[in-house]
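A closer look at the structure
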Amino acid sequence: MKKVCLTVFAASAMLFSAQNLSAQEVAQAQVEVEETVVQRAQDDFTQIEVQELPAAVQEAVARDYAEATIAEAYVKEHEGAQKFKLKLTTADGEEKELYADAEGNWIDKDKK
């Protein structure tokens, strides 16, 4: 009888610990998703058509990244000025993310 009780107890303990690990994994996944959502919300850039970019920005890309094409363009208002986020695709297929102001000056990503 003791063996049966111990077996039931051991099986219950294993089941409980497996459920606990599964719950921890789900909780961790939820935290990662929430961090991604918060990061995107802080970004505050709105996607625009590449043709809507100011001529100065398009000229800066043509001058400094002649072999690249603008895949995506985004804009946001920051302290009364427009900031642009550009996603470029280089000739060798590499993707770059750049930031510029409306005059075509490059902005350091950390200072955007």
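Residues numbered from 1 in each chain as written. Predicted model: local features only at pLDDT ≥ 70, side-chain atom pairs only at ≥ 80, totals over all residues. Heavy atoms only, no water.

The name given to the protein chain in an unreviewed UniProt entry is Beta-lactamase-inhibitor-like, PepSY-like, with Salinimicrobium tongyeongense as the source organism.

1. Quick notes on the overall build of the protein chain
Helix and strand content of the protein chain: two helices and five strands. Tracing the protein chain from N to C terminus, the helices and strands come up as α-β-α-β-β-β-β. When the 112 residues of the protein chain are sorted by exposure, 22% land in the buried category. A fraction of 41% describes how many contacts in the protein chain between residues 6 or more apart in sequence connect residues 24 or more apart. A total accessible area of about 8500 Å² is found for the protein chain, and carbon and sulfur atoms account for 53% of it. (Helix = DSSP H or I, 4+ residues; strand = E, 2+ residues; numbered from the N terminus. Buried < 20%, exposed > 50% of the residue type's maximum accessible area, 1.4 Å probe, protein only. Contact = heavy atoms within 4.5 Å. Areas by Shrake-Rupley, 256 points an atom, 1.4 Å probe, with all protein chains shown as cover.)

2. Digging into the packing of aromatic side chains
Tallying each qualifying case throughout the model produces two aromatic pairs. Considering the side-chain rings of Phe-45 and Tyr-99, the 5.9 Å spacing of their centres and the 55° angle between planes classify their relative orientation as tilted. Here the residue Phe-45 occupies a position in the loop between α1 (2-43) and β1 (46-48), and Tyr-99 occupies one in strand β4 (residues 95-101), the gap between them amounting to 54 residues. Judged by relative accessible area, Phe-45 falls into the buried class, the value being 13%. With relative accessibility at 4%, the residue Tyr-99 sits in the buried group. Each ring, one from Tyr-65 and one from Trp-106, has its centre 5.7 Å from the other, and the planes form 85°; the classification is edge-to-face. Here Tyr-65 is found in the loop between α2 (55-64) and β2 (69-78), whereas its partner Trp-106 is found in strand β5 (residues 106-107), with 41 residues between them in sequence. (Phe/Tyr/Trp six-rings, centres within 6.5 Å; stacked < 30°, edge-to-face > 60°.)

3. Observations regarding the sheet that holds β4
The five strands are arranged β1-β2-β3-β4-β5 in an open sheet whose pairing can be described as antiparallel. Two strands close off the open sheet at either side, each with one partner strand: β1 and β5. Note that β2 and strand β3 (residues 81-89) share nine bridges and pair antiparallel. When the bridges of β3 are listed, Thr-69 appears paired with Thr-89. (Pairing = 2+ DSSP bridges.)

4. A look at the nonpolar core
Residues Ile-48, Leu-53, Val-57, Ile-70, Phe-84, Leu-86 and Leu-88 are the most contacted members of the largest nonpolar core, which totals 13 residues. Counting only elements with at least two residues in this core, the list comes to α2, β2, β3 and β4. Other than its neighbours up to four places away in sequence, Leu-53 contacts Ile-48, Gln-58, Ile-70, Ala-73, Phe-84 and Leu-86. (Core = buried A, V, L, I, M, F, W, Y, C linked by side-chain atoms within 4.5 Å.)

5. Description of the environment of Gln-58
Within the element layout of this structure, Gln-58 appears in helix α2. Given a relative accessible area of 32%, Gln-58 falls into the partly exposed group. Filtering out sequence-adjacent residues up to four positions away, Gln-58 remains in contact with Val-50, Gln-51 and Leu-53. Among the polar contacts made by the side chain of Gln-58, one reaches the main-chain carbonyl oxygen of Val-50 at a distance of 3.3 Å. (Polar contact = N/O pair within 3.5 Å; in protein donor to acceptor, adjacent residues only side chain to side chain.)

6. A short note on the side chain of Asp-101
As for its position among the elements, Asp-101 is in strand β4. The charged side chain of Asp-101 is buried without a salt bridge, its nearest counter-charge being Lys-83 at 5.9 Å. At a separation of 3.0 Å, a polar atom in the side chain of Asp-101 contacts the main-chain amide nitrogen of Glu-103. Those residues in contact with Asp-101, other than ones at most four positions away along the chain, are Val-57, Gln-82, Phe-84 and Ile-107. (Lys, Arg positive; Asp, Glu negative; His and termini not counted. Salt bridge = Lys/Arg side-chain N within 4 Å of Asp/Glu carboxyl O.)

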